[in-house]
Amino acid sequence: MSAQNMLALQIPEIGKLDLVQAKKPEARPHTLLLRVAASGICGTDPHILHGLYPANLPLIPGHEYSGVVEAVGDGVDSFAVGDHVAVDPNILCGVCEFCRRGKVHLCKNLTALGVNIPGGFAEYCVVPVSQAFKIPKSLPLAHAALAEPVACCLRGVDLAGITSGDRVVIFGAGPMGAIILQLARMQGASHVIVLDPQKRRRERAEALGAAWTLDPVAGGAAQAIRDQYPDGAEVVFDCSGNVAAVREALGVVGRGGTLMLYGVCHKDQNLEINPFWVNDNEITIRGSYNNPNTMARALDLLASGRLDAGAVVTDRVPLSQGIEAFRSTGSENCLKVVIEP
Ligand SMILES: [Zn+2]
Ligand SMILES: [Zn+2]
């Protein structure tokens, strides 16, 4: 077969994003060649573009995607041409200390599709079989592209330990906040309060069942929550990645409560915490990283319709509009933007 080209978005160097003709890849042993169907833009992607997140350049980014099997490599017997699949981009080494101790998502040699090796903002992508999840054809491929972010949110919700009847507060109603809101309600949260400075995002959160929404920038948000719940909330999520929001979030965690730092704050920003308060109130402050063993559950929630993917995927654009789409992420009018090559 003669060498063919494909359309792809490429970051050749920090700060540059180009639409290019790249060489169409070929399936290698134990891999699938996917015709990419849908690839979501993550908050990490602009970070990679601007050099705020380590990646191997030049790079075809895109780590939240789904596709149709175009060809299978040697040694592949569990997938066939035409299968629909969702991709887990995080490839573990299996032999480092963290992998061997079961903390696979903390693998020291983690390689990620769309971060270290070519990802999903292209017409085609080669994916190791270990990273591919066969999905039912009834699940729209644009929704299947949410599998990785939903899987990451499941990890966060698992670690936050929401129990039925808990009051949950979420700072940030972007795509992650909108997913965590839904998962918290499934977990049995009695009330979910959502804070976001953008009116449109607050309205979307209300449509997804938030009991109450607030604009944190208007001031007095923590006090307003305390007025309603003088003893604070059992579980508070930061999904904003904004240190000022995290400071506010600390003010609404109740005794025995948990603050989950889910959003990605700037790595050089710090925050003062009162250790006496943490101790005296038995507060848990914790992080959540990646999606260890949560992909299958995420896909079941999407395929069953329990999780409303249509409320999260607000924009679907062709690859040719990918550069503009990168710019629009984080804007008031959209949550998850999905590129459909
Ligand atoms: Zn992501
Ligand atoms: Zn490892």
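Residues numbered from 1 in each chain as written. Chains lettered and ligands numbered in written order. Predicted model: local features only at pLDDT ≥ 70, side-chain atom pairs only at ≥ 80, totals over all residues. Heavy atoms only, no water.

**Q** Would you take a moment to explain the coordination of the zinc ion (ligand 2) for this structure?
**A** Where a metal carries four tetrahedral donors, each ideal angle is 109.5 degrees; where it carries six octahedral donors, the ideal angles are 90 or 180 degrees. Taken together, Cys93 (SG), Cys96 (SG), Cys99 (SG) and Cys107 (SG) make up the protein donors of the zinc ion (ligand 2), found 2.3 to 2.4 Å from the metal. Around the zinc ion (ligand 2) sit 4 donor atoms, and with donor-metal-donor angles ranging over 100 to 121° the site reads as tetrahedral. When its relative accessible area of 7% is taken as the criterion, Cys107 is described as buried. (Donors = N, O, S within 2.8 Å, 3.2 Å for Na, K, Ca; no water. Tetrahedral: all angles 85-135°; square planar, octahedral: opposite > 155°, others 65-115°. Buried < 20%, exposed > 50% of the residue type's maximum accessible area, 1.4 Å probe, protein only.)

**Q** Any chance you could explain the packing of aromatic side chains here in plain terms?
**A** Ring pairs (aromatic) are described by centroid distance and by the angle formed between their planes. The final tally for this structure, using the stated rule, is 1 aromatic pair. Measuring from centroid to centroid gives 5.8 Å for Phe121 and Phe326, while their planes differ by 75°, and the two rings are edge-to-face. Here Phe326 lies in helix H11 (residues 322-328) and Phe121 lies in the loop between strand S7 (111-112) and strand S8 (124-128), a separation of 205 residues in the sequence. Judged on exposure class, the residue Phe121 and its partner Phe326 are both buried. Here the basic side chain of Lys134 rests over the ring of Phe79, its NZ or CZ set 5.6 Å away from the ring centre. (Phe/Tyr/Trp six-rings, centres within 6.5 Å; stacked < 30°, edge-to-face > 60°. Helix = DSSP H or I, 4+ residues; strand = E, 2+ residues; numbered from the N terminus. Lys NZ or Arg CZ within 6 Å of the ring centre and 35° of its normal.)

**Q** What is the right way to look at helix H10 (residues 295-304) in this model?
**A** Note: α-helices contain 3.6 residues per turn, so residues at a spacing of three or four share the same orientation. Met295, Ala298, Leu299, Leu301 and Leu302 are the residues of H10 that are buried. Buried residues along H10 cover an arc of 160° about the axis, so they all sit on one side. The secondary structure elements touched by the buried residues of H10 are strand S5 (84-87), strand S9 (132-134), helix H3 (141-144), helix H4 (147-160) and helix H5 (175-186). (Arc of directions from axis to C-beta. Contact = heavy atoms within 4.5 Å.)

**Q** Any chance you could explain the sheet that holds strand S10 (residues 167-171) here in plain terms?
**A** The strands making up a sheet are joined through hydrogen bonds of the backbone, oriented either antiparallel or parallel. Overall, parallel pairing links the 6 strands, which are arranged S12-S11-S10-S13-S14-S15 in an open sheet. Lying at the two open borders of the sheet, with one neighbouring strand each, are strand S12 (212-214) and strand S15 (284-287). Strand-to-strand twist across the sheet, computed as the mean angle between neighbouring axes with direction ignored, equals 15°. Pairing of strand S14 (residues 253-261) with S15 involves 4 bridges; the strand directions are parallel. Looking at S15, one finds that Leu259 is bridged to Ile285. (Pairing = 2+ DSSP bridges. Axes fitted to C-alpha atoms, helices over the stretch in contact; angles between N-to-C directions.)

**Q** Looking at this model, I keep getting lost on the pattern of salt bridges. Mind explaining?
**A** Where side chains of opposite charge bring their charged atoms close, a pairing between them can arise. Scanning the entire structure with this criterion turns up 11 salt bridges. For Asp18, the salt bridge goes to Lys16, with nearest N and O atoms at 3.9 Å. For Asp18, a relative accessible area of 23% puts it in the partly exposed group. Connected through salt bridges with shared partners, the residues Lys199, Arg200 and Glu203 form a single ionic network. (Salt bridge = Lys/Arg side-chain N within 4 Å of Asp/Glu carboxyl O.)

**Q** Any chance you could explain the nonpolar core here in plain terms?
**A** Burial of nonpolar side chains together is a common tendency in soluble globular proteins. The biggest cluster of nonpolar side chains holds 51 residues, and the ones touching the most others in it are Val168, Ile170 and Phe237. The leading source of residues in this core is H4, at 8 residues. Those residues within four positions of Phe237 in sequence are excluded, and the remaining contacts are Gly156, Val157, Ala160, Ile162, Val168, Val169, Ile170, Phe171, Ile180, Met260 and Tyr262. Residues Ala222, Ala233, Val253 and Ile283 belong to the second largest nonpolar core, which totals 19 residues. (Core = buried A, V, L, I, M, F, W, Y, C linked by side-chain atoms within 4.5 Å.)

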